[in-house]
Amino acid sequence: MAALSFEILAKDESGYARRGRMQLPHGIVETPVFMPVGTQATVKSLTPADLTDDINASIILGNTYHLMLRPGADLVEKMGGLHQFMAWERPILTDSGGFQVWSLGELRKIEQHGVRFRSHIDGREVFLGPKESMEIQRKLGSDIVMAFDECTPYPATLEEAEASMQLSMRWAGECREHLPAGDTQALFGIVQGGMYPELRLQSLEAIAAIDFEGIAIGGLSVGEPKQEMMGMMDALAPHLPEDKPHYVMGVGTPDDLIEGIDRGIDMFDCVMPSRNARNGTLFTDDGKINIKNLKHFDDERPIMESCNCYTCKHFSRSYLRHLYMAKEILSSRLNTLHNLHYYCDLMHRARTALEEGNWPQFRDQFLQRYRGEA
Ligand code: PRF
Ligand code: ZN
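Residues numbered from 1 in each chain as written. Chains lettered and ligands numbered in written order. Predicted model: local features only at pLDDT ≥ 70, side-chain atom pairs only at ≥ 80, totals over all residues. Heavy atoms only, no water.

**Some details on the overall build of the protein**
A tally of helices and strands in the protein yields 15 helices and 16 strands. Its C-alpha atoms give the protein principal-axis dimensions of about 60 × 50 × 45 Å. Expressed as a percentage of its 374 residues, the buried residues of the protein come to 57%. Sequence separation of 24 or more characterises 67% of the internal contacts of the protein that already satisfy a separation of 6 or more. In the form shown here, the protein has an accessible surface area of approximately 15700 Å², with 49% of it arising from carbon and sulfur atoms. Taking the average place of the 38 positive charges on the side chains of the protein and the average place of its 53 negative ones, the gap between the two points comes to 6 Å. (Helix = DSSP H or I, 4+ residues; strand = E, 2+ residues; numbered from the N terminus. Buried < 20%, exposed > 50% of the residue type's maximum accessible area, 1.4 Å probe, protein only. Contact = heavy atoms within 4.5 Å. Areas by Shrake-Rupley, 256 points an atom, 1.4 Å probe, with all protein chains shown as cover. Lys, Arg positive; Asp, Glu negative; His and termini not counted. Charge placed at Lys NZ, Arg CZ, Asp CG, Glu CD.)

Quick look at the structure:
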């Protein structure tokens, strides 16, 4: 059987939003979907049972870069693959390492066949390119493998963005050669092109011409104004191949997700809900709240009245503030449970709106309230 099959169950006829279903070796993913980030073979502070039973995450993300350096892809393979190693039975998508290496800044050197860099853990020299990334993701055994790309920095001149995009397009072809269509793992190509719509369209054309199982949009949410990010998604939306899942990488806030869905995006990942949880930032339909604020000192209410997560069912803002101030480890755990539940449930609400044919109303109501305009 093919590694990935994708069907569209409902569409918003006034725009690009769609409700879909992806079948992968480790299970079904209902889209639009948010994928919690599990960089180091763990979604920080949570167990797989938390993720399945309380959050109902259908797919999580892992990272080539971190796992190749520690504990190493050979060890993960020896332990039966990433699923068995971390006791996660549902689908996994692994990022290729391109973005994480790019984030190293001065520590890296880009060459024809990949990137030479120093490990942030022990300083040893490592090389990662399309071939190496495909081999590592094979050993990890993820359901969805990402092509090895270069995330174009922001800002970049037209010439810089074009050279970077061309390099990513060449690497995309090499990734498909190393992991051919029809394999047991699905491979997604990544559109780059900086903030230049003409480069973005050229890149999409190149990616669409290769037989990838899914199309990702990279190089967004890298410091550009929100309006520019939305502009890039607007430019691409009419040209994304309809029959394949669309994934925008490393995005974003709850309102970014709703705006992304409106532009035809099916999949999202972001460290924001999990990372911000550990810093005391909690997401609600009325925007973010900061649990360390004195105003929560004796607040008996949960984070969000309508939330059904374990945290909101049992604990007050007052207690959560106390845990945060006392630097208790339960603080990270309860806050992460809420934020990831909130993100995954928001996608569930979006899917329901799409099924029921009231996407535009849901979108407008959500955005108004979230932005404090309601
Ligand atoms: N490329 C890859 N992973 C990514 C990105 C990218 O451009 C981004 C950009 N937001 C996040 N994660 N491979
Ligand atoms: Zn909650």
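**Some words on the UniProt feature "domain: tRNA-guanine(15) transglycosylase-like" (unreviewed entry) in the protein**
The positions that UniProt labels "domain: tRNA-guanine(15) transglycosylase-like" (unreviewed entry) are, in the present scheme, residues 15-371. Here residues 15-371 is 43% helix and 18% strand, with 22 Å between the C-alpha atoms at its ends. (UniProt positions renumbered as here; feature names shortened; annotations may be inferred.)

**Details of empty space enclosed by the protein**
If you walk through the whole model with that rule in mind, you get 1 cavity of 30 Å³ or more. Volume-wise, the largest cavity comes out at about 30 Å³. Taken together, Gly-98, Val-101, Trp-102, Arg-108, Ile-110, Val-115 and Glu-150 make up the full set of residues lining the largest cavity. Those elements that provide at least two residues to the lining of the largest cavity are α5 (98-102) and β7 (108-111). Sort the elements by how many residues they give to the lining of the largest cavity and α5 lands first, with 3 residues. Its residues placed into classes, the lining of the largest cavity shows 4 nonpolar, 1 polar and 2 charged. (1 Å grid on protein atoms, 1.4 Å probe; cavity = no way out; pocket = protein on both sides within 12 Å on 5 of 7 lines; lining within 4 Å. Points joined across faces, edges and corners; volume = space filled by probe spheres on them. Nonpolar A, V, L, I, M, F, W, Y, C, P; charged D, E, K, R; others polar.)

**So, the packing of helix α7 (residues 158-178) against helix α8 (residues 197-209)**
Two elements in contact, α7 and α8, have axes separated by 10 Å at closest approach and are oriented at 10°. Taken together, α7 and α8 sit at an angle that is classed as roughly parallel. Contacts between α7 and α8 involve Leu-158, Ala-161, Glu-162, Met-165, Gln-166, Met-169 and Ala-172 from the first element and Glu-198, Leu-199, Gln-202, Ser-203, Ala-206 and Ile-207 from the second. When its residues are assigned to classes, the contact of α7 with α8 shows 8 nonpolar, 3 polar and 2 charged. (Axes fitted to C-alpha atoms, helices over the stretch in contact; angles between N-to-C directions. Parallel < 35°, antiparallel > 145°, perpendicular 65-115°, else oblique.)

**Digging into the sheet that holds strand β6 (residues 92-95)**
Spatially, 8 strands are ordered β4-β14-β13-β12-β11-β10-β6-β5 in an open sheet, and the strand pairing comes out parallel. Both edges of this open sheet fall to β4 (33-35) and β5 (60-63), since each of them pairs with a single strand only. Neighbour-to-neighbour, the strand axes of the sheet open up by a mean angle of 25°, direction not taken into account. Bridge count between strand β11 (residues 186-191) and strand β12 (residues 214-217): 4 bridges; the pairing is parallel. In the strand pairing of β12, Val-191 is matched with Ile-217. Packed on one face of the sheet, helix α6 (residues 130-140) meets β6, β10 (144-146) and β11 and runs near 160° to β10. (Pairing = 2+ DSSP bridges.)

**As for the site of ligand 1**
Asp-95, Ser-96, Phe-99, Asp-149, Cys-151, Ile-190, Gln-192, Gly-218, Gly-219, Leu-220, Met-249 and Gly-250 make up every residue found near ligand 1. Between ligand 1 and Asp-149, the relevant distance is 2.7 Å, taken from a nitrogen atom to a side-chain nitrogen or oxygen of the residue. Placement of ligand 1 is best described as lying within the largest pocket. Here the shell around ligand 1 is composed, by residue class, of 5 nonpolar, 5 polar and 2 charged. (Near = heavy atom within 4 Å. Polar contact = N/O pair within 3.5 Å; in protein donor to acceptor, adjacent residues only side chain to side chain. Sits in = over half its atoms within 2 Å of the grid points.)

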